[in-house]
Amino acid sequence: MSEKLLDEASKTKLPIILNNELRNSRFRNDRSFFGNLNEAQRSVLMKPVKAAKKPAMKMQVYDMENDTVLSNGKLVWDNGKVIKSMDKDTKNVVSAGTATWDLYYQIFGRNSIDNLGLVLKHYIHYDTKYDNAFWDGRRMVYGDGDGRIFGSFTADPDIVGHELTHGVTQYESNLIYHNQSGALNESLSDVFGIMIKQRLLKQDVKKSKWLIGENVLKGAKYALRSMKAPGTAYVDHPDLGTDPQPATFDKYMALADTERGDWGGVHINSGITNFAFYVAAFNMGGFAWEKAGKIWYSAMTDKENFQSTSNFEDFKNLTIQKAELLYGSGSLEAKAVTDGWAEAKV
Amino acid sequence: MKIKLQRVGGFVPVMKEAETEVDWTNDEAKKLLDSIGLKEKNATKSRDATGHFLEIRGEVVPVDLKKIPLKYKAIFEGLEADLKFVKT
């Protein structure tokens, strides 16, 4: 480059700050050329390093119009561009999807589900009166609910955050969806889902009710899951009965590892690890995402130590280790995590 | 014969069921199951998804409702509309 620069100098294109001595000198290589420059000369020639561009959220909303073939979904919202006037469900998923992306980026430095800027795709109005929401491996799908027992599954930001976090888990540990690893998979989705709601509503650990799906399941005294008191989200519900989640490991339900057995109770036994997180976060105080969330995120993204077959004990040990690394051995935070797992009897 | 449709899985894994009486022959029932029955599901990336099972002659088989032949559509649409939660 120095030869090139000096050639340019002969054409008087080099800045005047390069004095004649430099202009007339010959250098063996670029390093020796630049080594002879003072700060002012160097700053003229070397452009400042540009700050890395901040990643931007990419998100789309598709309206299924009660169809069940996802490829038939019609794009109604595309990165802020309103293609069809926004109904309540579109507004819900845009708000909660944005809150999810923000939590992952602003708190944990993660760029979307895959940490590479994957487009968040929401499919609303799936099927007729479909009372469920799911992650299909690439996108989130929401039903409108039957209108009697369930409202729309977009009504709670923790559910939107829950489904998106299944994507994060898929790209990180890819926890196998059976038995304890499957229950951990479910629990991580609840943990990040509740933090997304708490941050959106500016709720600290005391103000939060720690309920998942409190708007989706109709009736003021019902929710789909309680992280604070697993097994109490709905009690004697006229249609559903009573929430079967255990809060402690001694009540772990050994269900069949089949689709009919909820793959070994992945949505049931997640109550145990949900409760451990609740106790840990509550004992730390403040906003859950500030400390407890960072510990859980650090553990869930530790690809070396957190693997697809990890169980409750593995995750317990890893979160305690992460708390000690982040906040110090014997710290209040490490004690809170240890106590959380002890309360959940893991 | 009596047939029972079950929906399992989901965000809240509470089973839903509906049953009805049909006048199918054994051969007809077998043919239907051959066309809509699913083999053991392999690991998928779907999470919180729902699935359907058909209980027929004491056998419970996972089924794909999108494959229901036209002739049986009305029966299965009726069963789907009648699905009720089985309390836990």
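Summarised in this report is the structure supplied together with it. Bear in mind that the values here come from a model prediction, so they are computed numbers and not experimental data.

## A few points about the overall build of chain B
Alright, step 1. Helix and strand counts for chain B stand at two helices and five strands.
Alright, step 2. The globule rule puts the C-alpha radius of gyration for 88 residues at 12 Å, and the 13 Å found for chain B is close to it.
Alright, step 3. In terms of its C-alpha atoms, chain B occupies a principal-axis envelope of roughly 35 × 30 × 25 Å.
Alright, step 4. Among the 88 residues that make up chain B, the fraction classed as buried is 24%.
Alright, step 5. Across chain B, the fraction of contacts at a sequence separation of at least 24, relative to all contacts at a separation of at least 6, is 67%.

## Looking at the pairing of strand 2 (residues 74-78) of chain A
Alright, step 1. Pairing of strand 1 (residues 59-63) of chain A with strand 2 of chain A involves four bridges; the strand directions are antiparallel. Paired with A:Tyr62 across the two strands is A:Leu75, which belongs to strand 2 of chain A.

## Some thoughts on the interface of chain A and chain B
Alright, step 1. Chain A puts 20 residues into the contact, and the matching count from chain B is 21 residues.
Alright, step 2. Within the residue set of the side of chain A that touches chain B, elements represented by two or more residues are strand 5 (133-135) and helix 6 (157-171) of chain A.
Alright, step 3. In terms of residue class, the side of chain A that touches chain B is built from seven nonpolar, seven polar and six charged.

## Some points on helix 7 (residues 179-200) of chain A
Residue and element names in this part refer to chain A.
Alright, step 1. Compared with an ideal rise of 1.5 Å per residue, which puts 22 residues at 32 Å, helix 7 spans 32 Å between its outermost C-alpha atoms and is within 8% of the ideal.
Alright, step 2. Summarising burial for helix 7: 21 of the 22 residues are buried, a large majority.
Alright, step 3. Note on helix 7: the residue one or two positions beyond its end, Lys202, has a positive phi of about 55 degrees.

## Quick notes on the environment of A:Leu175
All names here are of chain A.
Alright, step 1. Inspection of the secondary structure assignment puts Leu175 in the loop between helix 6 and helix 7.
Alright, step 2. Looking at Leu175, the number of C-beta atoms within 10 Å reads 28, which means it is buried.
Alright, step 3. Those residues in contact with Leu175, other than ones at most four positions away along the chain, are Thr169, Ser181, Gly182, Leu184, Asn185, Ser308 and Ser310.

## Some remarks on the sheet that holds strand 2 (residues 16-21) of chain B
Residues and elements named next belong to chain B.
Alright, step 1. Spatially, five strands are ordered 4-3-1-2-5 in an open sheet, and the strand pairing comes out antiparallel. Looking along the sheet, the strands with just one partner apiece sit at the ends: strand 4 (59-63) and strand 5 (84-85).
Alright, step 2. Looking at chain direction, strand 1 (residues 2-9) and strand 3 (residues 50-56) are connected through seven bridges and run antiparallel. Across the sheet, Lys4 pairs through a bridge with Glu55, a residue of strand 3.
Alright, step 3. The sheet strands contacting helix 2 (residues 73-82) are strand 1, strand 2 and strand 5, and the helix crosses strand 2 at an angle near 140 degrees.

Cut-offs used in this document
Residues numbered from 1 in each chain as written. Chains lettered and ligands numbered in written order. Predicted model: local features only at pLDDT ≥ 70, side-chain atom pairs only at ≥ 80, totals over all residues. Helix = DSSP H or I, 4+ residues; strand = E, 2+ residues; numbered from the N terminus. Rg over C-alpha atoms; globule rule 2.2 N^0.38 Å. Buried ≥ 20, exposed ≤ 12 C-beta atoms within 10 Å, placed from the backbone. Contact = placed C-beta atoms within 7 Å. Pairing = 2+ DSSP bridges. Nonpolar A, V, L, I, M, F, W, Y, C, P; charged D, E, K, R; others polar. Expected span 1.5 Å × (residues − 1). Axes fitted to C-alpha atoms, helices over the stretch in contact; angles between N-to-C directions.

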